[in-house]
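# Inside the fold
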Amino acid sequence: MRSAAVAATAVSFALLVTACGGEKKDDKGAGKEGASASATAAEPAAKALSAAELDKLIVETADVKGHKVQKAKASDVVSADKVTTDKAACAPIAHAMSFIAPGSPAASAQRQVIAEPKKSATAAPEDALLAGLGVQMTALSLGSYDGQGAQEAFASVKTAGTECAGGFTVLQAAEKTKVTKLAPESVTAGDEAVAFSVTVDMEGEPLTTKLVVFRKGNTLASFSTISFSPEGVKGLPTVVIGAQEKKLA
């Protein structure tokens, strides 16, 4: 029960260790085809939104069918300097999976989005508990950036997906987490998007999680999804992604 509670409130690599302790792809298979440095440079400089404005744009329970959305507690959100990696290029991935907007956002907002477990009147208490532990939980973070900050932050995530495909180690609060593999997935959202299937070593056993990051103008949305079911997370949180994209349109 403690494992589930920690995961639901943080959904970060280090806390995961403690608890257990679309679009056309480019030639590397991640991201949106056609996103180029020249196209990015051609976009006008933008002014970042405030945290209060982001709070109005981030999804609420009414926006996401079959899910409960709750605001992340201050204790659930750590600063970027508290989450480090053994490979500097991999930091944007670690941050996106740890309630941290990649890069240098001027403001950010975070929510926990938890899928409602399927209820059965005939299920035994033990089965109901297992079903609850298998629920998908998504850490959603919005970041708003000045100038070309959003484009640069997205590019860093995309680059990390290529350079860190073979794995890396994350350090947070003295806990080490080993990411053994990043595999690209297809996703369509916003102006450009990238998605990965992330395999984490949980005490010798592989756990599959999902990561999606998309950019809409000068806002970056990051979705890190976990589940404690034996098979991990099978698919991307498309309902949550779609709801957030709609609010940013």
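Quick summary incoming for the structure in this document. (Residues numbered from 1 in each chain as written. Predicted model: local features only at pLDDT ≥ 70, side-chain atom pairs only at ≥ 80, totals over all residues. Heavy atoms only, no water.)

## Points about the overall build of the chain
Basically, it comes down to this: Working definition: helices are DSSP H or I runs of at least four residues, strands are E runs of at least two. Numbering for both runs from the N terminus. Throughout this description, buried means an accessible area under 20% of the type-specific maximum (1.4 Å probe, protein chains only), exposed means over 50%, and partly exposed covers the range between.
Secondary structure summary: the chain contains eight helices and nine strands in total. Looking at the chain as a whole, 47% of its 249 residues qualify as buried.

## Quick look at the pairing of strand 5 (residues 168-172)
Selection criterion: By this definition, two strands are paired if DSSP reports at least two bridges between them.
Here strand 5 shows a buried face lined by F168, V170 and Q172 and an unburied face lined by T169 and L171. Sheet topology places strand 2 (residues 83-85) next to strand 5; three bridges connect them, and they run antiparallel. Each residue of the ladder has a partner; that of T85, found in strand 5, is V170. For strand 5 and strand 6 (residues 175-185), the ladder comprises five bridges, and the chain directions are antiparallel. Paired with V170 across the strands is T177, a residue of strand 6. Two successive antiparallel strands, strand 5 and strand 6, enclose a turn made up of two residues, where A173 displays a positive phi of approximately 50°.

## Quick word on the sheet that holds strand 6
Threshold: All axes are obtained by fitting lines to C-alpha atoms, using only the stretch in contact for helices, and the reported angles, taken between N-to-C directions, cover 0 to 180 degrees.
Spatially, the nine strands line up as an open sheet ordered 1-3-4-9-8-7-6-5-2, and their pairing is antiparallel. Pairing within the sheet leaves two strands with one partner each, and these edge strands are strand 1 (67-71) and strand 2. When the angles between neighbouring strand axes are averaged without regard to direction, this sheet yields 25°. In this structure, strand 3 (residues 107-115) lies alongside strand 4 (residues 137-144), joined through eight bridges in antiparallel fashion. Within strand 4, the position partnered with Q112 by the bridge is A139.

## Describing the nonpolar core
Under the convention used in this document: Each nonpolar core is a collection of buried residues, namely Ala, Val, Leu, Ile, Met, Phe, Trp, Tyr and Cys, held together in the definition by side-chain atoms within 4.5 Å. Throughout, a residue-residue contact means that at least one pair of heavy atoms, one from each residue, lies within 4.5 Å.
Ranked by size, the top nonpolar core spans 28 residues in total, and within it I93, F168, F196, V198, L211 and V213 carry the most contacts. Elements that contribute at least two residues to this core include exactly helix 5 (91-96), helix 7 (149-163), strand 5, strand 6, strand 7 (192-202) and strand 8 (205-216). Look past the residues within four positions of L211 in its chain and what remains in contact with it is I93, A96, M97, V194, A195, F196, V198, F223 and S224. Residues A109, L140, V212 and A221 belong to the second largest nonpolar core, which totals 23 residues.

## What to know about the side chain of K210
Note the following rule: Definition of a polar contact: a pair of N or O atoms within 3.5 Å, with one able to donate and the other able to accept a hydrogen when the atoms are protein atoms, and with sequence-neighbouring residues admitted only if both atoms are side-chain atoms.
By the secondary structure assignment, K210 is in strand 8. There is a polar contact of 3.3 Å between the side chain of K210 and the side chain of S197. For K210, the residues in contact, after removing those within four places along its chain, are M97, E185, F196, S197, F223, S224, T225, V233, K234, G235 and L236.

## A short note on the packing of aromatic side chains
Rules: Pairing of aromatic side chains here covers Phe, Tyr and the six-membered ring of Trp, requires ring centres within 6.5 Å, and sorts the geometry by plane angle: under 30 degrees stacked, over 60 edge-to-face, intermediate tilted.
Tallying each qualifying case throughout the model produces one aromatic pair. Seen from their ring centres, F214 and F223 are 5.8 Å apart, and the 25° between their planes marks the pair as stacked. In terms of burial, F214 and F223 fall into one category: buried.

## Brief notes about the environment of L140
When you line up the elements, L140 lands in strand 4. It is 9.0 Å that separates the C-alpha atoms of L140 and V59, two residues lying 81 residues apart in sequence. Not counting residues within four places of it along the chain, the set of residues in contact with L140 comprises I58, V59, F99, A109, Q110, R111, V113, S222, F223 and Q244.

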